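Here's the letter readout for the chains.
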Amino acid sequence: HVDRDRAELSAQAFGAIARMVHDVTQRSASLLQPHGLTPGQFQVLMVLSRHPDASQSAIGASLGVTRANVSMLLTKLEAAGLVDRRAHGAANRIRLTAEGRALVDRALPEQLDLLAEVFAPLPPDQLTALHATMLGLGEPAPFDRLPSQQ
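Calculation criteria
Residues numbered from 1 in each chain as written. Predicted model: local features only at pLDDT ≥ 70, side-chain atom pairs only at ≥ 80, totals over all residues. Heavy atoms only, no water. Axes fitted to C-alpha atoms, helices over the stretch in contact; angles between N-to-C directions. Helix = DSSP H or I, 4+ residues; strand = E, 2+ residues; numbered from the N terminus. Parallel < 35°, antiparallel > 145°, perpendicular 65-115°, else oblique. Left-handed = near helix turned anticlockwise from the far one by under 90°. Contact = heavy atoms within 4.5 Å. Pairing = 2+ DSSP bridges. Patch = residues over 30% accessible without salt bridge, like charges linked within 9 Å, V, L, I, M, F, W, Y side chains within 5 Å. Areas by Shrake-Rupley, 256 points an atom, 1.4 Å probe, with all protein chains shown as cover. Salt bridge = Lys/Arg side-chain N within 4 Å of Asp/Glu carboxyl O. pLDDT = per-residue confidence, 0-100. Core = buried A, V, L, I, M, F, W, Y, C linked by side-chain atoms within 4.5 Å. Buried < 20%, exposed > 50% of the residue type's maximum accessible area, 1.4 Å probe, protein only.

## Brief notes about the packing of helix H2 (residues 39-50) against helix H5 (residues 98-119)
Contact pair H2 / H5: the axes reach a minimum separation of 10 Å and the direction vectors enclose 110°. If you check the angle between H2 and H5, you find them roughly perpendicular. Of the two possible hands of crossing, H2 and H5 adopt the one that is left-handed. Contact residues: H2 offers Phe42, Leu45, Met46 and Ser49, while H5 offers Arg101, Leu103, Val104, Ala107, Leu108 and Gln111.

Below, the structure is given as structure tokens:
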């Protein structure tokens, strides 16, 4: 039996999250466009900047995207000289190239400024609680950790 009040509140919370994600993604895309990147490509580069030699499957699981999507993103990033795929047994391990690292270093400050602006209304304890709550709502992805767990 579904608690209708809780279901309605859940729908409202989901709508607010979806609107925020859409808005932030659009703003992020505008900042990344001059760097020749999409938000998806930048997210792959960010995973690799934090976790060199990640597998394609770990990248996909971390970002919540399909193997096909990861493969397409990596193909474009590799063609641009930003990542390097290396065979490692049956899987590929992916690394940033020097050009990829330099691009992350150039693009990251703008992205961090955007996110700091978006979350500025929340005091640090509420932001920490939001992060923990969001991690608790889904399946844990590789590399998901609270700052105190890293």
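## Describing the sheet that holds strand S2 (residues 83-88)
Strand order across the open sheet formed by 3 strands is S1-S3-S2, with antiparallel pairing between neighbours. With one partner strand each, in any of the chains shown, strand S1 (54-55) and S2 form the two edges of the open sheet. Examined bridge by bridge, S2 and strand S3 (residues 91-96) share 6 bridges and lie antiparallel to one another. Within the sheet, the bridge partner assigned to Asp84 lies in S3 and is Arg95.

## Details of a nonpolar patch on the surface
Taken together, the side chains of Ile17, Val21, Leu127, Leu130, Met134 and Leu137 make up a nonpolar region of the molecular surface, amounting to roughly 490 Å² of accessible area. Secondary-structure elements contributing two or more residues to the nonpolar patch are helix H1 (4-32) and helix H6 (124-137). Among the elements that take part in the nonpolar patch, H6 stands out by supplying 4 residues, more than any other. Following the sequence through the fold, Ile17 ends up in helix H1.

## Some details on the confidence of the model for the protein chain
Taken over all residues, the pLDDT of the protein chain has a mean of 90, while the share at 70 or more is 92%. The low-confidence segment residues 146-150, where pLDDT is below 50, has 5 contacts with residues more than four positions distant or belonging to other chains.

## A word on the nonpolar core
Within the largest apolar cluster, 21 residues are counted, with the highest numbers of intra-cluster contacts made by Leu37, Val44, Leu45, Leu48, Ile59, Leu77 and Val83. The set of elements that each furnish at least two residues to this core consists of H2, helix H4 (67-79), S3 and H5. In contact with Leu45, not counting residues within four places along its chain, are Leu37, Leu77, Leu82, Val83, Leu96, Leu103 and Val104.

## Side note on the environment of Thr25
Considering the arrangement of structural elements, one finds Thr25 in helix H1. Look at Thr25 and you get partly exposed, because its relative accessible area is 35%.

## Overview of the pattern of salt bridges
Overall, the coordinates contain 6 salt bridges when judged by the stated rule. Note that Glu117 and Arg27 form a salt bridge whose closest N and O atoms lie 2.5 Å from each other. Here Glu117, found in helix H5, pairs with Arg27, found in helix H1; they are 90 residues apart in sequence, far enough to count as distant. Among the salt bridges present, the one from Arg95 reaches Asp53, with a minimum N-O distance of 2.7 Å. Linking Arg95 in strand S3 with Asp53 in the loop between H2 and S1, this pair joins segments that are 42 residues apart in sequence. Using a relative accessible area of 31% as the deciding quantity, one classes Arg95 as partly exposed.

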